[in-house]
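Coordinates in review
If you want the building blocks of each chain, they are given just below.
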Amino acid sequence: MPELPEVETMRRGILPIVGSRIESVVCPPCERKPILLSPAIKPFDRRLRGKQVVAIDRRGKRVIVEIEDEQAIVIEPRMTGLVLLSDPPTREHLRLRITLSGNSQQQLLFWDRRGLGTVRLLTKKEIESQIEAKLGTDALEITSNELRDRLGKSQRAIKVALLDQSAIAGVGNLYAAELLFRAGIDPRTRCDRLSGPQWKRLVAEMQDVLQEAIHYEGSTLSDGTYRNAINGEGGYQAHHLVYDKAEKPCPRCEQGTIVRIVQAQRSTFFCPVCQRKRGLHVTLESRL
DNA sequence: CATATGTCCTGAGAGC
DNA sequence: TGCTCTCAGGACATAT
């Protein structure tokens with residue numbers, strides 16, 4: 001489930017294609033439903049042939065491959081999508097192959113087991129209206145004041161609100177659980193009940209956990225799906241504190257047990273003892 | 001407007 | 001062993 005750290009790892013992994021030119025774009029014969037591609041493969045290919053890759057960016061959980069002439073390929077991996085430079089995990093789920101010419105023969109692949117991901121070719125203007133305008137500030141850039149301005153009056157649970165990409169872009173289910181645990185905040189707490197110091201702590205822990213996860217190249221969960229651009233596993237799963245740890249003892253307070261609850265049809269993991277609605281911030285830190 | 005729910009998709013794992 | 005069923009959760013469409 002690529003979230004910000006995994007998508008940032010993809011971005012960094014495909015930086016070597018900057019400067020290369022696109023030779024062709026094809027949808028490999030795929031027995032499954034064709035990937036959600038826009039526009040269709042023919043105009044997609046025609047508009048890109050001969051064009052140079054000028055930069056690789058990221059916005060929230062999207063990879064943006066900037067192409068000369070004010071175009072960009074926007075890739076949304078969603079649940080199981082991968083952006084690869086080397087051979088994909090399986091042949092049958094390969095959805096798009098972009099052949100590049102440069103000093104060395106290169107290719108950029110989009111592979112997606114479940115096929116929920118999307119690849120779109122947009123102009124700079126379309127990016128402005130369809131991406132920039134719809135997404136909130138990137139989670140690595142946002143300040144606690146801005147997040148509080150955006151969510152502070154919401155009655156939603158903080159865990160649910162953090163997944164709202166129009167408020168803040170990049171946080172998904174896994175890192176929401178991890179950051180709230182670190183911040184000592186009960187995921188069920190309504191946004192409008194969070195104090196100033198709690199917003200501050202939340203954003204600090206969020207950026208900390210995201211940076212740390214980027215350092216380890218993201219999390220490859222037990223299903224093994226997520227890979228970096230050269231098909232290598234991430235390493236951050238070894239550092240998860242609460243995600244998918246139901247019934248396990250709390251790694252911090254020792255009296256608590258991690259529980260799993262469901263919020264907005266998604267699993268939430270937390271420690272009911274040290275993530276209490278009221279405070280405890282100081283005690284928590286001393287135990288870490 | 002804010003918030004909640006249904007939908008897409010595949011493969012792993014449970015239960016019989 | 002092999003079948004059916006449920007579940008996982010990204011983002012968006014639709015409903016309340």
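A closer look at the overall build of chain A
Looking only at helices and strands, chain A has eight helices and 13 strands in total. Its C-alpha atoms give chain A principal-axis dimensions of roughly 60 × 35 × 35 Å. The 288 residues of chain A split such that 52% are buried. For chain A, long-range pairs separated by at least 24 residues make up 66% of all intrachain contacts whose partners lie at least 6 apart in sequence.

Section: the domain arrangement of chain A
Each assigned domain of chain A is listed with its residue range as follows: domain 1 (4–134) and domain 2 (137–286). The gap between the C-alpha centroids of domain 1 and domain 2 is 29 Å. Contacts between the two partners involve 25 residues from domain 1, matched on the other side by 25 residues from domain 2. At the boundary of domain 1 with domain 2, total buried surface from both sides reaches about 1,800 Å², with 60% on carbon and sulfur atoms. Counting every contact that joins domain 1 to domain 2 gives two salt bridges. The partner of aspartate 138 in a salt bridge is arginine 58, and the shortest N-O contact between them spans 2.7 Å. Scanning the region where domain 1 abuts domain 2 turns up ten residue pairs in polar contact (both at pLDDT 80 or more). Of all elements in the fold, only helix 1 (4–13), strand 3 (53–59) and strand 6 (81–84) reach the threshold of two or more residues within the side of domain 1 that touches domain 2. Looking at the side of domain 1 that touches domain 2, the element that brings in the most residues is helix 1, giving eight residues.

Notes on the packing of helix 1 against helix 7 (residues 196–215)
Relative orientation and spacing of two packed helices are given, respectively, by the angle between their axes and the distance between those axes. With their axes 8 Å apart at the nearest point, helix 1 and helix 7 run at an angle of 40° to one another. With respect to helix 7, the element helix 1 is oriented oblique. The handedness of the crossing between helix 1 and helix 7 comes out as right-handed. Only Leu210, Ala213 and Ile214 of helix 7 make contact with helix 1, whose side of the interface consists of Leu4, Pro5, Glu8, Thr9 and Arg12.

Examining the packing of helix 6 (residues 173–183) against helix 7
Remark: helix 6 packs on helix 7, axes separated minimally by 8 Å, with the N-to-C direction vectors making an angle of 125°. With respect to each other, helix 6 and helix 7 are oriented oblique. Two packed elements cross with a definite hand, and for helix 6 against helix 7 that hand is right-handed. Residue-level contacts link Tyr175, Glu178, Leu179, Leu180, Arg182 and Ala183 of helix 6 to Arg201, Leu202, Glu205, Met206, Asp208, Val209, Leu210, Glu212 and Ala213 of helix 7. Residue classes in the contact of helix 6 with helix 7 are distributed as nine nonpolar, no polar and six charged.

Focus: the layout of surface pockets
What the largest pocket holds in volume is close to 740 Å³. Lining the largest pocket are 24 residues; nearest its centre among them are Lys61, Met79, Gly172, Asn173 and Arg266. Of all the elements, strand 13 (residues 266–270) adds the most residues to the lining of the largest pocket, at three residues. Across the lining of the largest pocket, the residue classes tally to eleven nonpolar, five polar and eight charged. A domain split of the lining of the largest pocket shows at least three residues from each of domain 1 (4–134) and domain 2 (137–286). Looking at the second largest pocket, its volume works out to about 160 Å³. Contributing to the lining of the second largest pocket are 13 residues, with Met1, Met79, Leu221, Asp223 and Thr225 lying nearest its centre. By residue class, the composition of the lining of the second largest pocket is five nonpolar, four polar and four charged. Mapped onto the domain boundaries, the lining of the second largest pocket takes at least three residues apiece from domain 1 (4–134) and domain 2 (137–286).

Calculation notes
Residues numbered from 1 in each chain as written. Chains lettered and ligands numbered in written order. Predicted model: local features only at pLDDT ≥ 70, side-chain atom pairs only at ≥ 80, totals over all residues. Heavy atoms only, no water. Helix = DSSP H or I, 4+ residues; strand = E, 2+ residues; numbered from the N terminus. Buried < 20%, exposed > 50% of the residue type's maximum accessible area, 1.4 Å probe, protein only. Contact = heavy atoms within 4.5 Å. Domains from an automatic or database assignment. Buried area = accessible area lost by both parts, 1.4 Å probe. Salt bridge = Lys/Arg side-chain N within 4 Å of Asp/Glu carboxyl O. Polar contact = N/O pair within 3.5 Å; in protein donor to acceptor, adjacent residues only side chain to side chain. Axes fitted to C-alpha atoms, helices over the stretch in contact; angles between N-to-C directions. Parallel < 35°, antiparallel > 145°, perpendicular 65-115°, else oblique. Left-handed = near helix turned anticlockwise from the far one by under 90°. Nonpolar A, V, L, I, M, F, W, Y, C, P; charged D, E, K, R; others polar. 1 Å grid on protein atoms, 1.4 Å probe; cavity = no way out; pocket = protein on both sides within 12 Å on 5 of 7 lines; lining within 4 Å. Points joined across faces, edges and corners; volume = space filled by probe spheres on them.

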